[in-house]
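# Results of the structural survey
One letter stands for each residue in the lines below.
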Amino acid sequence: MNKKLLFALSVLLLCAALLFSACAPAATEEPTTEPIVPTEPPTEVVVPTEPPTEPAGPCLIIGALYGGPITDAGYNQAMHEAVMEIKTNIDCVEIIEAENVPDEAGATSTMENMIQQGAKFIIATAFNHQYPALELSKKYPDVKFEHAGGWEMGANFANFFGTPPDGWYMMGVAAGKMTKSNKLGFVAAFPMGWTSTFINAFTLGARSVNPEVQTIVAYTFAWGDRAKEADTTNSLINQGVDVITMHVDSPSTVISTAESRGVYSIGYQNLAAQQFAPKYWISGTGFTLGGKLTWLTSTVLDGTWTPIFLRCGISDGCMAIAPFGSEVPQEVQDLVLQTKADIEAGKIVVFAGPIKDQDGNIKVAEGETLTDDAMSAVDWFVEGVVGSPK
């Protein structure tokens with residue numbers, strides 16, 4: 001009896017011990033040595049209270065118009081390239097262009113439209129643009145106008161151009177040395193003052209090295225009629241001309257026609273003309289007026305623009321001599337370049353007297369020099385020219 005009771009008590013005590021051990025709290029681990037960095041809340045996004053500023057507009061809007069296509073490898077392309085040089089040099093300007101605007105009515109409406117678009121500087125480059133631009137300059141006194149090759153002036157109207165006669169004299173020297181027939185051809189658009197001056201300068205240069213030379217002149221009565229230019233060129237070649245040049249907007253047709261006939265050519269207006277005569281090219285002159293137009297634009301921007309009668313030549317960077325063709329002997333090249341140096345040094349003055357006309361009359365007396373104003377109104381040809389100046 002006592003043994004059973006003792007056994008029961010032992011079992012009871014063992015169960016109690018096991019129960020107490022199961023209910024005891026579990027042992028905790030030691031905390032890690034690196035502290036836990038709390039995550040910071042995202043910073044507040046600041047919303048701007050003012051709208052972003054818009055990009056600044058152009059510092060000046062320029063309107064430029066051309067009488068023909070700007071890819072003519074001639075006058076219009078030369079003027080276009082000069083205008084584009086403004087943008088290269090003064091990036092903040094905006095340029096509005098219009099090509100193929102040959103007549104006065106179209107020029108007026110085109111310039112009006114450019115002004116309505118905000119243009120404050122107009123560059124009109126065709127002969128027929130002068131008087132429309134002059135009239136508009138009176139209507140819009142706050143707009144500056146520049147015309148290429150004109151003669152009119154006003155409070156906000158001026159004109160600019162190169163000095164082609166010097167270049168024509170140099171090209172005449174080249175022609176006079178290259179001709180075998182002593183007959184030079186000159187394809188001209190119209191009988192007008194400056195054209196006559198160019199023909200005279202060309203002939204004076206040629207006869208300075210070859211007194212037997214004649215220059216035969218023929219007109220197309222159009223600035224850009226390719227069919228007439230081809231016909232006129234062929235007609236001159238049929239008369240025995242073996243060197244030919246021109247005063248039309250694009251020299252490409254005259255040059256390519258001469259090339260096809262094995263006749264030498266001399267370019268004018270644009271230095272790109274050489275591409276049309278891979279073999280029978282002599283040389284040429286072209287306008288490079290970008291620097292001067294950039295300067296004029298800068299004076300409009302800084303408020304110092306004033307109307308000036310701007311004329312500048314090869315030595316000023318406003319015109320350039322094209323490379324000589326492969327058929328031109330070195331002695332001829334040297335002679336042309338020496339002539340250029342003599343002109344720049346004042347040793348040669350193209351229209352220094354005495355100069356006689358076709359009929360032997362003195363037109364520029366000994367000791368006198370033809371002025372720019374007189375050159376624009378020349379209505380006579382020098383000795384050695386065949387054709388009529390009127």
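Residues numbered from 1 in each chain as written. Predicted model: local features only at pLDDT ≥ 70, side-chain atom pairs only at ≥ 80, totals over all residues. Heavy atoms only, no water.

### Observations concerning the overall build of the protein
Helices and strands together make up the secondary structure of the protein, namely eleven helices and 15 strands. Looking at the protein as a whole, 49% of its 390 residues qualify as buried. Sequence separation of at least 24 residues holds for 66% of the intrachain contacts in the protein that already meet a minimum separation of 6. For the protein, the accessible area works out to roughly 19600 Å², and carbon and sulfur atoms hold 56% of it. (Helix = DSSP H or I, 4+ residues; strand = E, 2+ residues; numbered from the N terminus. Buried < 20%, exposed > 50% of the residue type's maximum accessible area, 1.4 Å probe, protein only. Contact = heavy atoms within 4.5 Å. Areas by Shrake-Rupley, 256 points an atom, 1.4 Å probe, with all protein chains shown as cover.)

### Describing the state of the cysteines
This model, assessed by the stated rule, comprises two disulfides. Put simply, Cys59 and Cys92 are joined by a disulfide, and their sulfur atoms are 2.0 Å apart. On the S-S bond that ties Cys59 to Cys92, the torsion sits near 80°, and the link is right-handed. Placement of the pair is Cys59 in the loop between α1 (2-23) and β1 (60-65) and Cys92 in the loop between α2 (75-89) and β2 (93-98), with a sequence separation of 33 residues. (Disulfide = S-S within 2.5 Å.)

### Side note on the packing of aromatic side chains
What the rule picks out here adds up to 16 aromatic pairs. Between Tyr131 and Trp151, the ring centres sit 6.5 Å apart and the planes meet at 70°, which makes this aromatic pair edge-to-face. Of the two residues, Tyr131 is situated in helix α4 (residues 130-139) and Trp151 in the loop between β4 (144-148) and β5 (157-162); the sequence distance between them amounts to 20 residues. Judged by its relative accessible area of 35%, Tyr131 is partly exposed. Above the plane of the ring of Phe309 lies Arg311, whose end atom (NZ or CZ) is 4.1 Å from the centre. (Phe/Tyr/Trp six-rings, centres within 6.5 Å; stacked < 30°, edge-to-face > 60°. Lys NZ or Arg CZ within 6 Å of the ring centre and 35° of its normal.)

### Some remarks on the nonpolar core
The nonpolar side chains of soluble globular proteins are, as a tendency, buried together. Ile123 and Phe287 are the most contacted members of the largest nonpolar core, which has 91 residues in total. Ranked by the residues each element gives to this core, the list is headed by helix α5 (residues 164-178), at eight residues. Beyond its immediate stretch of four places on either side in the chain, Phe287 contacts Tyr75, Ala78, Met79, Phe161, Gly162, Pro164, Tyr268, Gln269, Cys318 and Met319. Counting residues in each nonpolar core, the second largest holds 19 residues, with Ile96, Ala107, Leu134 and Leu136 among its members. (Core = buried A, V, L, I, M, F, W, Y, C linked by side-chain atoms within 4.5 Å.)

### Observations concerning the layout of surface pockets
If you add up the space inside the largest pocket, you get close to 540 Å³. What lines the largest pocket is a set of 28 residues, among which Tyr75, Ala126, Phe127, Trp223 and Asp249 lie closest to the centre. Elements with a contribution of two residues or more to the lining of the largest pocket: α2, β4, α6 (193-209), α7 (226-238) and β9 (264-269). Along the lines of polarity and charge, the residues of the lining of the largest pocket split into twelve nonpolar, twelve polar and four charged. Approximately 210 Å³ is the volume found for the second largest pocket. Forming the walls of the second largest pocket are 16 residues, and the residues nearest its centre are Thr163, Pro165, Asp166, Asp372 and Met375. Residue assignment for the lining of the second largest pocket shows that the elements contributing at least two residues are β5, α5, α6 and α11 (372-375). Among the residues forming the lining of the second largest pocket, the class breakdown is ten nonpolar, three polar and three charged. (1 Å grid on protein atoms, 1.4 Å probe; cavity = no way out; pocket = protein on both sides within 12 Å on 5 of 7 lines; lining within 4 Å. Points joined across faces, edges and corners; volume = space filled by probe spheres on them. Nonpolar A, V, L, I, M, F, W, Y, C, P; charged D, E, K, R; others polar.)

### Focus: the side chain of Asn76
Tracing the chain through its elements places Asn76 in helix α2. Those residues in contact with Asn76 that lie beyond four places of it in its chain are Tyr66, Gly67, Gly68, Pro69, Ile70 and Asp249.

### Quick word on the confidence of the model for the protein
For the protein, the average pLDDT comes to 89, and 86% of its residues sit at 70 or higher. In the predicted structure, residues 1-9 sits below a pLDDT of 50 and forms zero contacts with residues beyond four places in sequence or in another chain. Note on residues 11-47: pLDDT under 50 across the span, and zero contacts to partners over four residues away in sequence or across chains. (pLDDT = per-residue confidence, 0-100.)

### Looking at the environment of Glu135
Mapped onto the elements of the fold, Glu135 is located in helix α4. Considered as a pair, Glu135 and Phe157 are 22 residues apart in the sequence and their alpha carbons are 9.6 Å apart.

### Focus: the sheet that holds β5
Spatially, six strands are ordered β2-β1-β3-β4-β5-β11 in an open sheet, and the strand pairing comes out parallel. Each of the sheet's edge strands pairs with one partner strand only, and the pair in question is β2 and β11 (309-312). Put simply, the sheet's adjacent strands are angled 20° from each other on average, direction ignored. On top of the sheet, α2 reaches β1, β2, β3 (121-124), β4 and β5; it is set at about 165° to β2, its chief contact. Relative to the sheet, helix α3 (residues 104-116) contacts β1, β2, β3 and β4, its axis offset from that of β1 by approximately 165°. (Pairing = 2+ DSSP bridges. Axes fitted to C-alpha atoms, helices over the stretch in contact; angles between N-to-C directions.)

### Regarding a nonpolar patch on the surface
Taken together, the side chains of Phe127, Tyr131, Trp151, Met153 and Phe309 define a hydrophobic patch exposed on the protein surface, amounting to about 460 Å² of accessible area. Met153 gets classed as partly exposed once you look at its relative accessible area, which sits at 34%. (Patch = residues over 30% accessible without salt bridge, like charges linked within 9 Å, V, L, I, M, F, W, Y side chains within 5 Å. Salt bridge = Lys/Arg side-chain N within 4 Å of Asp/Glu carboxyl O.)

### Quick look at unusual backbone geometry
In this structure, the amide linkage connecting Gly353 to the following residue, Pro354, adopts the cis form with an omega of 5°. By the secondary structure assignment, Pro354 is in the loop between α10 (330-344) and β13 (355-356). Phi angles above zero are rare outside glycine, and Ala73 is one such case at about 55°. Here Ala73 is to be found in the loop between β1 and α2. If you check the backbone angles, Phe221 has positive phi at about 55° while not being a glycine.

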